[in-house]
Amino acid sequence: MTGVLGGMLAGFSACALACLPAPACAAERTRLVADTALEIEQLDPIRRAVEAAVPEVEIAWRRDSTGIVTDRMLAERDAPQADLVLGLAATSLLRFEAAGLLDPYRPAGVEALRPFFRDPTPPYSWTGMDAYLGVICFNTEVAARHRITRPSFWRDLLGPGLKGRIAMPNPAASGTGYLLVAAWLQTLGEEAGWAFMDALHENVDAYLPSGSGPCREAAAGRHAVGLSLDMRAAAEKAAGAPIDIVVPLDGTGWEAEGFAVVAGRPHLALARKVADWAASREANALYARSFAIVAFPGVASPSPVYPPHAEARMIRNDLDWMARNRDRILAEWARRYGAKVRAR
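Conventions we followed
Residue positions are given per chain, counted from 1 along the sequence in the order it is written. In keeping with the predicted nature of the model, local features appear solely for residues at pLDDT of at least 70, side-chain atom pairs appear and are counted solely at 80 or more, and the whole-chain, interface and lining totals rest on all residues. Calculated side-chain values reflect all of the structure's heavy atoms, with hydrogen atoms and water omitted. Any two strands with at least two DSSP bridges between them are considered paired. Elements are defined by DSSP. Helices are runs of H or I of four residues or more, strands are runs of E of two residues or more, and each kind is numbered from the N terminus. With its strands directed away from the observer, a crossover is right-handed exactly when the path from the first strand over the helix to the second travels clockwise. In what follows, a contact means two residues having at least one pair of non-hydrogen atoms within 4.5 Å. Pairs of N or O atoms within 3.5 Å make up the polar contacts considered here, provided that, within protein, one atom can donate a hydrogen while the other can accept it, and that residues adjacent in sequence are counted only when both atoms are side-chain atoms. Pairs of cysteine sulfur atoms within 2.5 Å are identified as disulfides in what follows. When accessible area is computed with a 1.4 Å probe and restricted to protein chains, residues below 20% of their type maximum are described as buried, those above 50% as exposed, and intermediate ones as partly exposed. Helix span is expected to be 1.5 Å times the residue number reduced by one. Side-chain rings of Phe, Tyr and Trp, where Trp is taken by its six-membered ring, are said to pair if the distance between their centres is within 6.5 Å; with planes under 30 degrees apart they count as stacked, over 60 as edge-to-face, and otherwise as tilted.

This part is about the pairing of strand S2 (residues 57–63). Relative to S2, strand S1 (residues 30–36) runs parallel, the two being bridged by 7 bridges. By the bridge assignment for S2, Asp35 is matched with Arg62. Read as a crossover between parallel neighbours, the route from S1 over helix H2 (residues 40–53) to S2 is right-handed.

On the secondary structure map, Glu97 appears in helix H4 (residues 90–98). In contact with Glu97, other than residues within four places in its own chain, are Leu102, Asp119, Thr121, Pro123, Ser125 and Trp126. In this structure the side chain of Glu97 is engaged in a polar contact, spanning 3.3 Å, whose partner is the side chain of Ser125.

Now for the state of the cysteines. Under the counting rule described, the total for this entry stands at 1 disulfide. There is a disulfide in this structure between Cys137 and Cys215, and the S-S distance comes to 2.1 Å. With the S-S dihedral at roughly -95°, the linkage between Cys137 and Cys215 falls on the left-handed side. Of this pair, Cys137 sits in strand S4 (residues 126–139) while Cys215 sits in helix H8 (residues 213–219); the two residues are 78 residues apart in sequence, bridging distant segments of the chain. A residue is classified by how much of its surface remains accessible, and Cys215, at 0% relative accessible area, is buried.

Here the focus is the pairing of S4. For S4, a buried count of 14 out of 14 residues is recorded, marking the element as mostly surrounded by other parts of the structure. Across 7 bridges, S4 lies against strand S9 (residues 254–261) in antiparallel orientation. Looking at the pairing, Ala131 lines up with Ala256 of S9. Sheet topology note: the S4/strand S10 (residues 293–294) ladder contains 2 bridges and is antiparallel. Along S10, the bridge assignment pairs Asp130 with Val294. Here S4 pairs with strand S7 (residues 225–229) via 5 bridges, running antiparallel. Within the sheet, the bridge partner assigned to Cys137 lies in S7 and is Gly226. Pairing of S4 with strand S8 (residues 243–246), which is carried by 4 bridges, proceeds in the antiparallel orientation. Following the sheet pairing, Ile136 is matched in S8 by Val246.

Our next topic: helix H6 (residues 175–188). Taking 1.5 Å per residue as the helical rise, H6 with its 14 residues ought to reach 20 Å, and the 20 Å between its terminal C-alpha atoms agrees with that figure. Extensive coverage of H6 is indicated by the burial of 11 of its 14 residues. For H6, the set of buried residues is Gly175, Thr176, Gly177, Tyr178, Leu179, Leu180, Val181, Ala182, Ala183, Trp184 and Leu185. Its side-chain oxygen at 3.1 Å from the backbone nitrogen of Thr176, Ser174 defines the N-terminal cap of H6. Note on H6: the residue one or two positions beyond its end, Gly189, has a positive phi of about 90°.

Another point: the side chain of Arg95. When you line up the elements, Arg95 lands in helix H4. Here Asp327 takes part through its side chain, which lies 2.9 Å from a polar atom of the side chain of Arg95. Aside from chain neighbours lying at most four places away, what touches Arg95 is Thr70, Leu74, Ala323, Arg326 and Asp327.

Before going further, it helps to spend a moment on the environment of Cys137. Judged by relative accessible area, Cys137 falls into the buried class, the value being 0%. Along the backbone, Cys137 and Ile166 are 29 residues apart, and their C-alpha atoms lie at a distance of 9.8 Å.

We now examine helix H9 (residues 230–238). Looking only at H9, the buried set comprises Asp230, Met231, Arg232, Ala233, Ala234 and Glu236. For H9, the elements touching its buried residues are H2, S4, H8, S7 and S8. Among the residues trailing H9, Gly240 stands out with phi positive, at a value near 105°.

This brings us to the packing of aromatic side chains. Per the stated rule, a full pass over the model turns up 9 aromatic pairs. For the ring pair Trp154 and Trp184, a centre distance of 5.4 Å and an interplane angle of 80° mean the geometry is edge-to-face. Placement of Trp154 in the loop between helix H5 (140–146) and strand S5 (166–169) and of Trp184 in helix H6 is noted, with a sequence separation of 30 residues between them. Each of the two residues, Trp154 as well as Trp184, counts as buried. The exposure class of Trp184 is buried, given its relative accessible area of 3%. Each member of the aromatic cluster is reached from another via a ring pair, and the members are Trp194, Tyr207, Trp333 and Tyr337.

Here's what the structure looks like:
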């Protein structure tokens, strides 16, 4: 017992001494709430890296799918509860910027980032981290059993052999779901885009509440096709799932993901320090563990199973149009297809 007590006292003394010159111990930290739609497996590594780089802070995540996070922040606009947004669709950040929710802060070092990942509209309010795009997770074993041909174009998903065998994200909840819908409307035109989705709806079994869910369904063999995001597809394939990752030849929608400081919160200076870290090469190297396309040049290191032609097939995407038209598009989508939305 004496040895245990002595060890406890020694540990306490070490912490007390360490806290004298700098607020490094947990008791001295300031809690910052960060809203995010990052994948669950990213959260702890990023939290630990932030707290190591800015030891004065403790990160508390509020995580959900993109649409849920976006709607919650807009609902809280008169009394924001988050200090940061760290890992959310750029189209959502554009909406927050228009609503005056973001602190006009330009993080240190953003000039080193690829131009596409920098806020183009003054005052500078948000910065990109990574980009993700829509893909088809195609289960080759299910396809072989049911004699389903591997799709090459989006229109190949409309064949009768796929009736009831497709899962897709619900665009009201999922950023991946919304980028797919927005891409079809932009590339085909609105009339033809809705006609395509009408036909696709006949083959969709369910619209799921996350962008990863449909690929997990396809990887497990519960659906032949899961419309999902590229990095979830790469993770499932690398883990041994019998899926092909299809990036359609006619191009695919995509979204940038970024971070920003929330205006009017009490710990603005600390939140800005976190933003400085989030723009760094070190931070981008961490993002690159999960995403093939990141903001800092030369840092990306895609998985060997990642399709090498994916970035070349990203469409000419208007993120501002996606942000401005989100409510209108989602209302029409829900009217047409909401009956197949699967609840959480």
